[in-house]
Amino acid sequence: MAMAKTLLQKINKLYAVNAKKKKYSFSLPLEDRIKVDKKEFDIKLKEDDKLGTYILWKNRKYPVEVVFKRQNKYEILLNGVSYTFTIETPTSMKRLRFISRKKGSSDKEVIKAPMPGKIIDVLVQEDAEIRKGEPILILEAMKMQNEIQSTVAGKITAVHVKANDSVMKDEILIEIKKK
């Protein structure tokens, strides 16, 4: 624990990264001024018996509550609206950029089942050329037929399902080699 505290004392900047990968930087130690999109604001984090924890900004109180926290991932409720984000150090931001570059460099796209269900019809075959947005199969879930579309243009390299197969969420359905 002492080593972690020493490490944090050496870091003077952290990043909050939301689900859309937008990052917001902030400096340590935290002060009563924050900067968002190059604009500075005066805020105060306060607590009282009636509201609990709240942010005071422009003389208005905004209730804030930490709903979930695990390692560096947080979900907070701010004025009744839920926000999910991670807190990253400069080193972990470099790691995230490296991982996203590696992830995006693959020429293969895997289409997975968005929900559990039953395959009604497979609309493509191996070696077929496909355009982005073109339907590839029909998946029935909760008595509704869902058209699953290709997320990329390319060539079908593998079809892992056939009509009447039952699939689970995130099961691989089709593989496509990107153009």
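In what follows, the structure referred to is the one given above.
Residues numbered from 1 in each chain as written. Predicted model: local features only at pLDDT ≥ 70, side-chain atom pairs only at ≥ 80, totals over all residues. Heavy atoms only, no water.

Participant: Help me get a handle on the packing of aromatic side chains, residues and values and all.
Facilitator: Evaluated as defined, the whole model comprises three aromatic pairs. A ring pair is formed by phenylalanine 41 and tryptophan 57, whose centres lie 5.5 Å apart and whose planes are at 85°; its orientation type is edge-to-face. Pair noted here: phenylalanine 41 is in strand β4 (residues 39–48) and tryptophan 57 is in strand β5 (residues 52–57), with a separation of 16 residues, a long-range link. Among the residues examined, phenylalanine 41 registers a relative accessible area of 23% and is labelled partly exposed. Aromatic side chains tryptophan 57 and tyrosine 62 sit 6.3 Å apart centroid to centroid with 45° between the ring planes, which places their arrangement in the tilted category. Looking at tryptophan 57, the relative accessible area reads 27%, which means it is partly exposed. Grouped by ring-pair contacts, the aromatic residues Phe41, Trp57 and Tyr62 constitute a single cluster. (Phe/Tyr/Trp six-rings, centres within 6.5 Å; stacked < 30°, edge-to-face > 60°. Helix = DSSP H or I, 4+ residues; strand = E, 2+ residues; numbered from the N terminus. Buried < 20%, exposed > 50% of the residue type's maximum accessible area, 1.4 Å probe, protein only.)

Participant: Can you explain the sheet that holds strand β15 (residues 166–167)? Please cite residues and give values.
Facilitator: One open sheet holds the four strands; their spatial order is β13-β12-β10-β15, and the pairing between them is antiparallel. Edge positions in the sheet fall to β13 (144–149) and β15, since each has one partner strand and no second. Taken together, the six bridges between strand β12 (residues 135–141) and β13 define a ladder with antiparallel strand orientation. Bridged to isoleucine 138 within β13 is glutamate 147. (Pairing = 2+ DSSP bridges.)

Participant: Which residues make up the environment of phenylalanine 68, and what values go with them?
Facilitator: By secondary structure assignment, the location of phenylalanine 68 is in strand β6 (residues 60–70). A C-alpha to C-alpha distance of 8.8 Å links phenylalanine 68 and threonine 84, two positions 16 residues apart in sequence.

Participant: Now, about the sheet that holds strand β11 (residues 129–130): what can you tell me, with residues and values included?
Facilitator: The sheet built from four strands is open, its strands ordered β9-β16-β14-β11 with antiparallel pairing. The open sheet has two free edges, formed respectively by β9 (108–112) and β11, since each of these has just one partner strand. For β11 and strand β14 (residues 154–159), the ladder comprises two bridges, and the chain directions are antiparallel. Looking across to β14, one finds that isoleucine 130 is bridged to glycine 154.

Participant: Kindly report on the pairing of strand β8 (residues 81–88), identifying the contributing residues and their values.
Facilitator: The sheet contact formed by strand β1 (residues 13–18) and β8 spans four bridges and is antiparallel. Bridged to valine 17 within β8 is threonine 86. Between strand β7 (residues 73–78) and β8, which follow one another and run antiparallel, lie two residues, and asparagine 79 among them has a positive phi close to 55°.

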